[in-house]
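Remarks on the overall topology
Each chain is listed here by its residues.
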Amino acid sequence: MSNATYMREAVQLAEQGMRSGRGGPFGCVVVRRGEIVGRGSNRVTSTNDPTAHAEVVAIRDACTALRTFQLTDCELYTSCEPCPMCLSAIYWARIPQVYYGNTRADAAAIGFDDEFIYQQVPLAPEARTVKMELFLRDEAQVAFQEWANKTDKIRY
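Presented here is a report on the structure given in the accompanying data block. (Residues numbered from 1 in each chain as written. Predicted model: local features only at pLDDT ≥ 70, side-chain atom pairs only at ≥ 80, totals over all residues. Heavy atoms only, no water.)

**A short note on the pattern of salt bridges**
If you walk through the whole model with that rule in mind, you get 6 salt bridges. Residue Arg19 is joined to Glu15 by a salt bridge in which the shortest nitrogen-to-oxygen separation is 3.9 Å. Taken together, the positions of Arg19 and Glu15, both in helix α1 (residues 3-19) and 4 residues apart, correspond to about one turn of that helix. Taking relative accessible area as the criterion, Arg19 reaches 65% and is therefore assigned exposed. The partly exposed category is assigned to Glu15, whose relative accessible area is 32%. (Salt bridge = Lys/Arg side-chain N within 4 Å of Asp/Glu carboxyl O. Helix = DSSP H or I, 4+ residues; strand = E, 2+ residues; numbered from the N terminus. Buried < 20%, exposed > 50% of the residue type's maximum accessible area, 1.4 Å probe, protein only.)

**A look at the state of the cysteines**
Within the structure shown, the criterion is met by 0 disulfides. Looking at the unpaired Cys28, the closest cysteine sulfur is the one in Cys86, lying at 8.0 Å. Residue class for Cys28 comes out buried when judged on its relative accessible area of 0%. Among the cysteines around Cys80, which has no disulfide bond, Cys83 carries the closest sulfur, lying 9.0 Å off. (Disulfide = S-S within 2.5 Å.)

**Notes on the sheet that holds strand β1 (residues 27-32)**
The mixed open sheet is built from 4 strands, whose spatial order is β2-β1-β3-β4. The outermost strands of the open sheet, each flanked by one partner alone, are β2 (35-41) and β4 (97-102). Across this sheet, the average inter-strand angle for adjacent strands is 15°, counted without regard to direction. As paired elements, β1 and β2 share 6 bridges and run antiparallel to each other. When the bridges of β2 are listed, Cys28 appears paired with Gly40. The sheet strands contacting α1 are β1, β2, β3 (74-80) and β4, and the helix crosses β1 at an angle near 145°. Where helix α3 (residues 54-66) meets the sheet, it contacts β1, β2 and β3, and its direction lies at approximately 140° from that of β2. (Pairing = 2+ DSSP bridges. Axes fitted to C-alpha atoms, helices over the stretch in contact; angles between N-to-C directions. Contact = heavy atoms within 4.5 Å.)

Below you can see the structure in the form of structure tokens.
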């Protein structure tokens with residue numbers, strides 16, 4: 001299959017998900033060695049899950065299918081440039097290549113504007129719109145110290 005075939009599948013998932021009322025007009029596939037191993041469409045409104053973006057759904061599907069938490073040998077095809085959350089998920093999954101159909105400006109033009117998040121991320125925690133406060137750090141450090149000393153941990 002060609003790159004265009006995979007992108008068309010992502011677009012089709014976007015259309016199907018939107019038309020069925022599952023969520024916004026976003027679709028995604030994860031491809032490994034020429035085979036689609038994960039599919040996702042936006043399911044935010046149908047699952048009441050703000051993290052159920054197409055890319056996150058597809059990454060979860062691919063990781064379940066492949067029984068791994070790293071997709072280092074995969075490509076991701078998505079109907080729209082990933083939002084900050086999805087981009088982070090892509091980095092955490094270690095996906096090395098992303099193809100996208102619409103831009104974030106295209107998404108903003110139809111009411112999906114993530115620009116405020118892009119502006120918030122580089123700010124110091126105390127300067128963000130969401131109130132953030134360092135709290136009970138000494139107690140929280142216990143688990144971190146135990147992790148640092150753990151000899152049988154699985155790194156990710």
